[in-house]
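Topology and contacts: notes
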Amino acid sequence: MKKFLILALAIIIPVTMSAQAQINTKKVKIEDFTEKTTKVVLTGNIFFDQSLKDEVQNRWRISPFEFCTLKEFEELKTDDSYYFLMTVKGRFKKESRPGLTMLSVMKGGAAAEKGISKMLDVVTVPVMATDDPSGREFVFLPALLDIIQEHILRSMETDVAGYSGLSSFNMNMNEADRKDIIIAADDLAPGMSEEELESFEADGIYVTDTDIADEMMMEHTPNAVVSFTVYPSDRGRGSFCYKMLIDAQTHKLYYFRRHKLSKRAGAGFLPEDLYRIAGR
């Protein structure tokens, strides 16, 4: 009888622990996303807010949404019946001040009383430099909103996507083999010779004028995957550069990496990125 009880406990305990662990996973925490209202928090910047409103109205498809002010966000942030899409300023550990502005989706709840950083972060994507943004954020905002939505849906299906973040999209890179990889000149870190850059054309990687790259993005050029980088205008100690490759037609994210800025590693796609994209 004693052996039977020990065996029964051995079976029951792992099942109980497994169920308890499942309850705490990100996938379970956001399983209600499509059923709840997403509050889109406006910044007070008339130009960015208008663009954000237009693109959300045109592109947001995975949940009901409403617009709200920062004041309304402060009043509602502890309510777990809402999710919030908002811009936040990101400051890394060794940075003296925030260098990047991000778009974040967060879940409301009691933890918000302790600050935004304590809210459940569903997904965060870099958008622009906090000081002196390039203006390219307006070109890529539609794609970023589509990427955010795709990531949320993937995170609702598997914890692997939820916890690995946007870097999980790097697995898509093999699907871009037959597409042209367009690297905007402004997205290229210094340090590569013209000859070396030309050698990548055999791999379907082309460096072009930034205006041309942006035009391809705006015109939804078929079979074109366009670069987008986000990094602080003041590249101080501890700052990071984010690098993305996005399909101009479908807005599928193929590449998402970051590196710490230094004297040896400037802002933009590094040689190692191009070699990795080329599969060399």
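The residue count restarts for each chain, going from 1 along the sequence in the order it is written. The predicted nature of this model means local features are confined to residues of pLDDT at least 70 and side-chain atom pairs, given and counted, to a pLDDT of 80 or more, with totals for whole chains, interfaces and linings taken over all residues. Heavy atoms from the whole structure form the basis of all side-chain values; hydrogens and water molecules are not counted.

Here we come to the environment of Lys 260. Per the convention used, a helix needs a DSSP run of H or I reaching at least four residues, while a strand needs a run of E reaching at least two, with both numbered from the N terminus. Positionally, Lys 260 belongs in strand S10 (residues 253-260). Exposure classes here rest on a 1.4 Å probe applied to the protein chains alone. A residue is buried below 20% of its type maximum, exposed above 50%, and partly exposed in between. Overall, the relative accessible area of 44% leaves Lys 260 in the partly exposed class. Sequence-wise, Lys 260 and Ser 239 are 21 residues apart; in three dimensions their C-alpha atoms are separated by 5.9 Å. Discounting chain neighbours no more than four positions away, the residues touching Lys 260 are Ser 239, Phe 240 and Ala 265. Note on definitions: a residue-residue contact is assigned when non-hydrogen atoms from the two residues lie within 4.5 Å.

Counting 57 residues, the largest nonpolar core has Trp 60, Leu 85, Ile 148, Ile 152, Met 244 and Ile 246 as the members making the most contacts within it. When residues in this core are grouped by element, the largest group, ten residues, is from helix H5 (residues 136-157). Once you skip the residues sitting within four places of it in the chain, Ile 152 turns out to touch Ile 30, Phe 33, Trp 60, Ile 62, Val 105, Val 122 and Val 123. Counting residues in hydrophobic clusters, the runner-up holds 16 residues, among them Met 173, Ile 183, Met 192 and Leu 197. Here, the term nonpolar core denotes a set of buried Ala, Val, Leu, Ile, Met, Phe, Trp, Tyr and Cys residues that are joined through side-chain atoms within 4.5 Å.

Glancing now at a nonpolar patch on the surface. A cluster of nonpolar side chains, namely Ile 46, Phe 47 and Phe 138, defines an oily patch on the protein surface of about 370 Å² accessible area. You can see Phe 47 is positioned in helix H3 (residues 46-59). To count toward a patch, a residue needs a relative accessible area above 30% and no salt bridge. Like charges then connect within 9 Å, nonpolar side chains (Val, Leu, Ile, Met, Phe, Trp, Tyr) within 5 Å. Working definition of accessibility: Shrake-Rupley area with a 1.4 Å probe, residue cover restricted to the visible protein chains. The working definition used for a salt bridge is a side-chain nitrogen of Lys or Arg within 4 Å of a carboxyl oxygen of Asp or Glu.

It is worth spelling out H3 at this point. Its 14 residues place the ends of H3 20 Å apart at the C-alpha level, agreeing with the 20 Å of an ideal helix rising 1.5 Å per residue. Here H3 has its buried residues at Phe 48, Asp 49, Ser 51, Leu 52, Glu 55 and Val 56. Looking straight down H3, one finds that the buried residues subtend no more than 165 degrees of arc, so they occupy a single side. Along H3, the residues that are exposed and aim more than 90 degrees away from the buried face are Ile 46, Phe 47 and Asn 58. For H3, the secondary structure elements touched by its buried residues are strand S1 (37-41), strand S2 (65-68), strand S3 (82-90), strand S5 (120-129) and H5. Any pair of N or O atoms that falls within 3.5 Å is considered a polar contact. Within protein, one atom must be able to donate a hydrogen and the other to accept it, and sequence-neighbouring residues count only if both atoms are side-chain atoms. For H3, the side-chain oxygen to backbone nitrogen distance between the N-cap and Phe 47 is 3.0 Å, and the N-cap itself is Asn 45. An expected span of 1.5 Å times one less than the residue number is assigned to each helix. The directions from the helix axis to the C-beta atoms are what the arc is built from.

Secondary-structure assignment places Ile 205 in strand S7 (residues 205-208). Once the C-alpha coordinates of Ile 205 and Lys 179 are considered, the two residues, 26 residues apart in sequence, prove to be 9.0 Å apart. The residues touching Ile 205, leaving out its near neighbours within four places in the chain, are Ile 181, Ile 183, Phe 200, Leu 274, Ile 277 and Ala 278.

Once that is clear, we can look at the sheet that holds S10. Pairing is mixed across the open sheet formed by five strands, whose spatial order is S7-S6-S8-S9-S10. Edge positions in the open sheet fall to S7 and S10, since each of these has one partner strand only. Adjacent strand axes in the sheet meet at a mean angle of 20 degrees when their direction is disregarded. Any two strands with at least two DSSP bridges between them are considered paired. Inspection of the sheet shows strand S6 (residues 180-184) paired to S7 by four bridges, in the parallel sense. Residue pairing across strands places Ile 182 opposite Tyr 206, the latter belonging to S7. Simply put, an axis is a line fit to the C-alpha atoms, just over the touching stretch for a helix, and the angle between two N-to-C directions goes from 0 to 180 degrees. Along the sheet face, H5 touches S6, strand S8 (224-230), strand S9 (240-247) and S10 and points at about 110 degrees away from the line of S8.

A few words on the packing of H3 against H5. For the pair H3 and H5, interaxial distance at closest approach is 10 Å and the crossing angle is 45 degrees. It follows from the interaxial angle that H3 and H5 lie oblique. Between H3 and H5 the crossing geometry is right-handed. Along its contact with H3, which presents Phe 47, Phe 48, Ser 51, Leu 52, Glu 55, Val 56 and Arg 59, the element H5 presents Phe 138, Leu 141, Pro 142, Leu 145, Asp 146 and Gln 149. Among the residues forming the contact of H3 with H5, the class breakdown is eight nonpolar, two polar and three charged. Angle categories: roughly parallel below 35 degrees, roughly antiparallel above 145, roughly perpendicular from 65 to 115, and oblique for all the rest. Each crossing gets its handedness from the near helix: less than a right angle anticlockwise from the far helix is left-handed, clockwise is right-handed. The residue classification treats Ala, Val, Leu, Ile, Met, Phe, Trp, Tyr, Cys and Pro as nonpolar and Asp, Glu, Lys and Arg as charged. All others, Gly included, are polar.

Okay, the side chain of Thr 101 next. Tracing the chain through its elements places Thr 101 in strand S4 (residues 100-107). Since its relative accessible area comes to 9%, Thr 101 is described here as buried. Side chain to side chain, Thr 101 and Thr 130 meet in a polar contact 3.2 Å long. Every residue in contact with Thr 101, bar those within four places of it in the chain, is listed here: Thr 87, Val 88, Lys 89, Pro 126, Val 127, Met 128 and Thr 130.

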